[in-house]
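# Descriptive analysis of the structure
Each chain, letter by letter, is given below.
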Amino acid sequence: MTKNLTEKETAMLIAFVTEGIRCSGFDGMAAEDLIEDNTTWMNANDLKDDLGWSKLSIGGVMSSLSEKGLIFDTYDSPRKARVNDWVASPDGIRWYFDLFGHEATNKIITEG
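In this report, the structure presented in the accompanying data block is examined.

Here we come to the pattern of salt bridges. All chains considered together, the criterion is met by 6 salt bridges. Its salt-bridge partner being Glu32, residue Arg94 comes within 3.0 Å of it at the nearest N-O pair. Note that Arg94 is positioned in helix α5 (residues 90–100) and Glu32 in helix α2 (residues 31–36), a separation of 62 residues in sequence. On the basis of relative accessible area, Glu32 is assigned to the partly exposed category, the value being 44%.

Spelled out as structure tokens, the structure:
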């Protein structure tokens, strides 16, 4: 899959998928594993903490990734956060694994 992403879109999508891998990753995890058990939950507050951007910037990038079909609003929070969680879409997850491969999963798991 080829998607033209800006530097900020790339950083944010990586943050989403990395969060999912941290939550439920395992050695040799593939894209389809994370799609089946999608734990890429993040919200604007998480992204502000993780990326250090303003909420205005975060909102703009989230909107752009949503329009591209790479993240979507869950309209809830599976982890009971005070604001809605968003997750990487199957296309967003596949984008990450196409770019980095499943080897990146092992590095994220071991680094914590």
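Right, let's talk about unusual backbone geometry for a bit. Of note, the phi angle at Tyr75 is positive, near 60°, even though the residue is not glycine. Note on placement: Tyr75 falls in the loop between β1 (71–73) and β2 (86–88). Backbone geometry at Lys80 places phi at a positive 65°, although glycine is not the residue there.

How two aromatic rings sit relative to each other is set out by the distance from centre to centre and by the angle between their planes. Tallied over the full model, the rule gives 2 aromatic pairs. Taking 5.5 Å as the distance between ring centres and 75° as the angle between the ring planes, the aromatic pair formed by Tyr96 and Phe97 counts as edge-to-face. Its relative accessible area of 3% is what places Tyr96 among the buried residues. Look at Phe97 and you get buried, because its relative accessible area is 9%. Judged by centre distance (4.8 Å) and plane angle (45°), the ring pair of Tyr96 and Phe100 falls under tilted.

Analysis parameters
Residues numbered from 1 in each chain as written. Predicted model: local features only at pLDDT ≥ 70, side-chain atom pairs only at ≥ 80, totals over all residues. Heavy atoms only, no water. Salt bridge = Lys/Arg side-chain N within 4 Å of Asp/Glu carboxyl O. Helix = DSSP H or I, 4+ residues; strand = E, 2+ residues; numbered from the N terminus. Buried < 20%, exposed > 50% of the residue type's maximum accessible area, 1.4 Å probe, protein only. Phe/Tyr/Trp six-rings, centres within 6.5 Å; stacked < 30°, edge-to-face > 60°.

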